[in-house]
Amino acid sequence: MSPQKVALITGAGKERVGWHVAAALGERGYRLAIHYNSSAAEAEQTVADFTARGWTARAFAADLTQEDATRQMTADVLAHYGRIDALVTCAAIWQRKRLEDVTANDVLTHFKVNTLGTFLCAQHVGLAMVGQESGGAIVTIGDWAEVRPYLDYAAYFPSKGGVTALTRALAVELAARNPRVRVNGILPGPVMLPPDLPPEEREEAIAGTLVRSEGNPRHIALAVLHFLENDFITGVCLPVDGGRTIAG
């Protein structure tokens, strides 16, 4: 009997997209490594909630912008579970700010968390997967609007565009070391709009989709499952946006 698979989901402590991805993987029988940075109480509550559902889960802390911390977290997950079969990089930040107010530090902070953090985690976990005969699958999380950016997020979108580039680069790098390691990306659309978003902006976001509806984190989770289960897809970045990328 093959061992039960293990999934590491970053940014899954709080009940946002990563939490829902983790829940979907728990439903599929994965043992869960729940990453958090500063949300220790929320992460422990998530572990308690998932354990109550009969799933195996444990929280792991790391500042993913720090190479040593990311390496140590990877080692800790491997020491506890013995393997990592799936990595989903949901940890991210976004800050709304007028271009006139954006500072160099704003740009660097977004790149450190969104781009560097994703890279370091995928690098260290990916290289661990290389050493597994069964390989593994990595799913990164970008943003559909990198191709059609909207106002007031000039520091955020370049950092998410970097996620698309690193997804393809790591797909090539890791496959060269073990063809069973795959890397794909998801580019979410309006799936979890901020609760303080003005009603007119919310309506505009929904009207901008072809399906004329707001998505939800479950749509992202379903796309993650597709990438994990289809072993003939790698290096792909898939918009999950209700058609907003191509809508006029």
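Report on the accompanying structure. Please read these numbers as outputs of a predicted model, since none were measured by experiment.

Bringing the environment of Val240 into the picture now. Inspection of the secondary structure puts Val240 in strand β7 (residues 237-240). Note on Val240: relative accessible area 17%, which makes it buried. Once residues lying within four places of it in the same chain are set aside, the contact partners of Val240 are Ile186, Leu187, Pro188, Gly189, Val191, His219, Ile220 and Ala223.

The alternating pattern of strand β4 (residues 86-89) places Ala86 and Val88 and Leu87 and Thr89 on opposite faces, both of which are buried. In this structure, β4 lies alongside strand β5 (residues 136-141), joined through four bridges in parallel fashion. The partner of Leu87 across the bridge, within β5, is Ile138. Each parallel crossover has a hand, and the one from β4 via helix α4 (residues 104-130) to β5 is right-handed.

The next point concerns the state of the cysteines. Inspection of the entire model under this criterion finds zero disulfides. Cys90 provides the cysteine sulfur closest to Cys121, a residue in no disulfide bond, and the two sulfurs are 10 Å apart. Among the residues examined, Cys121 registers a relative accessible area of 0% and is labelled buried. Considering cysteine sulfurs only, Cys90 is the nearest to Cys237, which forms no disulfide, with 14 Å between them. Assessed through its relative accessible area of 16%, Cys237 is described here as buried.

The subject of this paragraph is the pattern of salt bridges. Charged atoms that come close allow side chains of opposite charge to pair. Counted by the stated rule, this structure contains twelve salt bridges. A salt bridge links Arg71 to Asp68; the shortest N-O distance between them is 2.9 Å. Placement of the pair is Arg71 and Asp68 together in helix α3 (residues 67-81), with a separation of three residues, close to one helical turn. Among the residues examined, Arg71 registers a relative accessible area of 39% and is labelled partly exposed. By relative accessible area, Asp68 is classed as exposed at 57%. The salt bridge partner of Arg202 is Glu214, with a shortest N-O separation of 3.4 Å.

Our focus in this paragraph is the packing of α4 against helix α5 (residues 156-177). Running from N to C, α4 and α5 point in directions that differ by 15°, and their axes come no closer than 9 Å. With respect to α5, the element α4 is oriented roughly parallel. For the crossing formed where α4 meets α5, the hand is right-handed. Together, His110, Phe111, Asn114, Thr115, Thr118, Phe119, Ala122, Gln123, Gly126, Leu127 and Val130 of α4 and Tyr156, Pro158, Ser159, Lys160, Gly162, Val163, Leu166, Leu170, Leu174 and Arg177 of α5 make up the contact between the two elements.

This brings us to the environment of Gly235. Considering the arrangement of structural elements, one finds Gly235 in the loop between α7 (217-229) and β7. Since its relative accessible area comes to 24%, Gly235 is described here as partly exposed. Distance in space between the C-alpha atoms of Gly235 and Arg182 is 7.4 Å, their sequence separation being 53 residues. Not counting residues within four places of it along the chain, the set of residues in contact with Gly235 comprises Arg168, Ala171, Val183 and Asn184.

Once that is clear, we can look at the side chain of Thr118. Residue position: Thr118 is located in helix α4. Apart from the residues within four sequence positions on either side, Thr118 is in contact with Thr89, Val113, Thr140, Val163 and Leu166.

What follows deals with unusual backbone geometry. Located in the positive-phi region is Asp152, a residue other than glycine, with phi close to 80°. Non-glycine residue Arg212 carries a positive phi angle of around 55°. Within the secondary structure layout, Arg212 lies in the loop between α6 (199-207) and α7.

Since one α-helical turn is 3.6 residues long, residues separated by three or four positions face the same way. Taking 1.5 Å of rise per residue, 22 residues should cover 32 Å, and α5 covers 32 Å from first to last C-alpha, within 8% of that figure. Of all the residues in α5, the buried ones are Tyr156, Phe157, Ser159, Lys160, Gly162, Val163, Thr164, Leu166, Thr167, Leu170, Ala171 and Leu174. Next to the buried residues of α5 lie α4, β5, β6 (181-188) and β7.

Right, let's get into the environment of His110. Mapped onto the fold, His110 is located in helix α4. Beyond its immediate sequence surroundings of up to four residues, His110 is in contact with Ile93, Trp94, Gln95, Thr115, Ala155, Tyr156 and Ser159. Reaching out from His110, the side chain makes a polar contact with the backbone oxygen of Asp106 at a distance of 2.9 Å.

Thresholds, definitions, all that
Starting afresh in each chain, residues are numbered from 1 along the sequence in its written order. Local features in this predicted model are restricted to residues of pLDDT 70 or higher, and side-chain atom pairs are both shown and tallied only at a pLDDT of 80 or more, whereas totals for entire chains, interfaces and linings draw on every residue. With hydrogens and water set aside, each side-chain value is computed from the structure's full complement of heavy atoms. Every helix listed is a DSSP run of H or I at least four residues long, and every strand listed is a run of E at least two residues long, numbered separately from the N terminus. Under the scheme applied here, a residue whose accessible area is under 20% of the maximum for its type counts as buried, over 50% as exposed, and between as partly exposed, the area being computed with a 1.4 Å probe on protein chains only. Working rule for contacts: check all heavy atoms of both residues, and any pair within 4.5 Å makes them a contact. When DSSP finds two or more bridges between a pair of strands, those strands are recorded as paired. Orient the strands so they point away from the viewer; a crossover is then right-handed if the path from the first strand over the helix to the second runs clockwise. Here, two cysteine sulfur atoms that lie within 2.5 Å of each other are counted as a disulfide. Salt bridges are counted wherever a side-chain nitrogen of Lys or Arg sits within 4 Å of a carboxyl oxygen of Asp or Glu. For helices, the axis comes from a line fit to the C-alpha atoms of the stretch in contact; other axes are also lines fit to C-alpha atoms, and the angle between any two N-to-C directions lies between 0 and 180 degrees. Put simply, angles under 35 degrees are roughly parallel, angles over 145 are roughly antiparallel, angles from 65 to 115 are roughly perpendicular, and the rest are oblique. Helix crossings get a hand from a simple test, with the near helix turned counterclockwise from the far one by less than a right angle marking a left-handed crossing and a clockwise turn marking a right-handed one. Every helix has an expected span of 1.5 Å times one less than the residues it contains. Residues adjacent in sequence count toward polar contacts only when both atoms are side-chain atoms; beyond that, a polar contact is any pair of N or O atoms within 3.5 Å, and within protein one must be able to donate a hydrogen and the other to accept it.

Take it as geometry only, folks, not as evidence of what the structure does.
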